[in-house]
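Chain residues, written in single-letter form:
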Amino acid sequence: MKALFDISSLDCSKRITKNYSTSFSLAIKMLAPKIQNDIYAIYGFVRCADEIVDSFTGYNQEELLTEFELDFQKAYSRKISLNPILNSFQEVVHRFDMMELVVPFLKSMRMDLDKKEYLTQDEYEEYIFGSADVVGLMCLMVFVNGDKKKYNELKNSAMKLGSAFQKVNFLRDLKHDAVALGRIYFPNVDVNNLSRNCIQQLVAEIESDFNEALEGIKGLPKEAKFGVYTAYRYYKSLLLKISKTQPDEIMNKRIRVGDFSKLFIIGKSYVKYQFNYML
């Protein structure tokens, strides 16, 4: 039965999500049940592509990414795939007609194969658009249930939130990206001479993205608002922690928000959400 295979495929997407990101899994659980599965399907796909270019060292990563992309194209054309992650994702792509968002995402993943530095603002923004903004737009399409009018109203804010999340990740993973992967995403940032002023400039840029994103979060349907707002509060807390960390520490350890702090963020977010006081 195809239905049973689809259920099993979705279970694989859920497992990928839960294994790779406890924070994101927690945020998904705060979405309305009727939209959770679609977000699991999206995350499963983007996580697999990301792992190919980030983690599968020692293998032919270019060949693996090319096969992954070709397999997705086949899945999209056939409306089925024996790869359960692709099978789940193609169904969501078809239902919400968002193939145009998948193309720039895969382009950015391919950039990670051999591009080590982003020297201009245009290069930097192009990468972030494909690696993060379009993922935010995929999720937004699910949140508004395909309502194009609502999607267009919230599109810019969703992109800003995707950008903010990605830039926080860049800051958090600065050491790993530079040392293990040889990548420097921020233009004109010397990781060997990281200054306090440089960190504060990056933090200010990200805070500006967050400020623009918040207005869009307030306009989300109730099925998605609390989950997205909680993720927003979590990343804001992570950014605050990074901003208070000395540059040498950022390059020597991975900054994280502890489990107790995560629970506190959830509780505080819920109170603010309930009283419609989202800041």
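Above this text is the structure in question.
Calculation notes
Residues numbered from 1 in each chain as written. Predicted model: local features only at pLDDT ≥ 70, side-chain atom pairs only at ≥ 80, totals over all residues. Heavy atoms only, no water. Axes fitted to C-alpha atoms, helices over the stretch in contact; angles between N-to-C directions. Helix = DSSP H or I, 4+ residues; strand = E, 2+ residues; numbered from the N terminus. Left-handed = near helix turned anticlockwise from the far one by under 90°. Contact = heavy atoms within 4.5 Å. Nonpolar A, V, L, I, M, F, W, Y, C, P; charged D, E, K, R; others polar. Expected span 1.5 Å × (residues − 1). Buried < 20%, exposed > 50% of the residue type's maximum accessible area, 1.4 Å probe, protein only. Arc of directions from axis to C-beta. Disulfide = S-S within 2.5 Å. Core = buried A, V, L, I, M, F, W, Y, C linked by side-chain atoms within 4.5 Å. Patch = residues over 30% accessible without salt bridge, like charges linked within 9 Å, V, L, I, M, F, W, Y side chains within 5 Å. Areas by Shrake-Rupley, 256 points an atom, 1.4 Å probe, with all protein chains shown as cover. Salt bridge = Lys/Arg side-chain N within 4 Å of Asp/Glu carboxyl O.

Put simply, helix α1 (residues 2-20) and helix α3 (residues 33-54) touch, their axes get as near as 8 Å, and they point 65° apart. Relative to α3, the crossing made by α1 is left-handed. Across from L10, S13, K14, I16, T17, K18 and Y20 in α1, the residues of α3 making contact are N37, Y40, A41, Y43, G44, R47, C48 and E51. Counted by class, the contact of α1 with α3 contains seven nonpolar, four polar and four charged residues.

An ideal rise of 1.5 Å per residue puts 27 Å on 19 residues; α1 measures up with 27 Å between its terminal C-alpha atoms. For α1, the full list of buried residues reads S9, L10, S13, I16 and T17. Each buried residue of α1 lies within a common arc of 110° when the element is viewed along its axis, so the set occupies one face. Facing away from the buried surface of α1 by more than 90 degrees, the exposed residues are L4, I7 and N19. In this fold, the buried residues of α1 make contact with α2 (22-29), α3 and α5 (84-96).

As used here, a disulfide is simply a covalent bond connecting the sulfur atoms of two cysteines. What the rule picks out here adds up to zero disulfides. Free cysteine C139: the closest other cysteine sulfur is in C48, separated by 15 Å. Residue C139 is classed as buried on the basis of its relative accessible area of 11%.

The next point concerns unusual backbone geometry. Backbone geometry at K79 places phi at a positive 65°, although glycine is not the residue there. Residue placement: K79 occurs in the loop between α4 (61-78) and α5. For K79, a relative accessible area of 51% translates into the label exposed. Positive phi, normally seen in glycine, also occurs at D97, with a value near 50°. Topologically, D97 is positioned in the loop between α5 and α6 (99-114).

Within the largest apolar cluster, 93 residues are counted, with the highest numbers of intra-cluster contacts made by I42, F45, M98, F105, F143, L171 and F210. Among the elements that line this core, the one with the most residues is helix α7 (residues 121-143), at 13 residues. Excluding anything up to four places from it in sequence, M98 contacts I42, V92, V93, M138 and M141.

The next subject is a nonpolar patch on the surface. Side chains of F56, Y59 and L64 sit close together on the surface and give an oily, nonpolar patch of about 290 Å² of accessible area. Residue position: F56 is located in the loop between α3 and α4.

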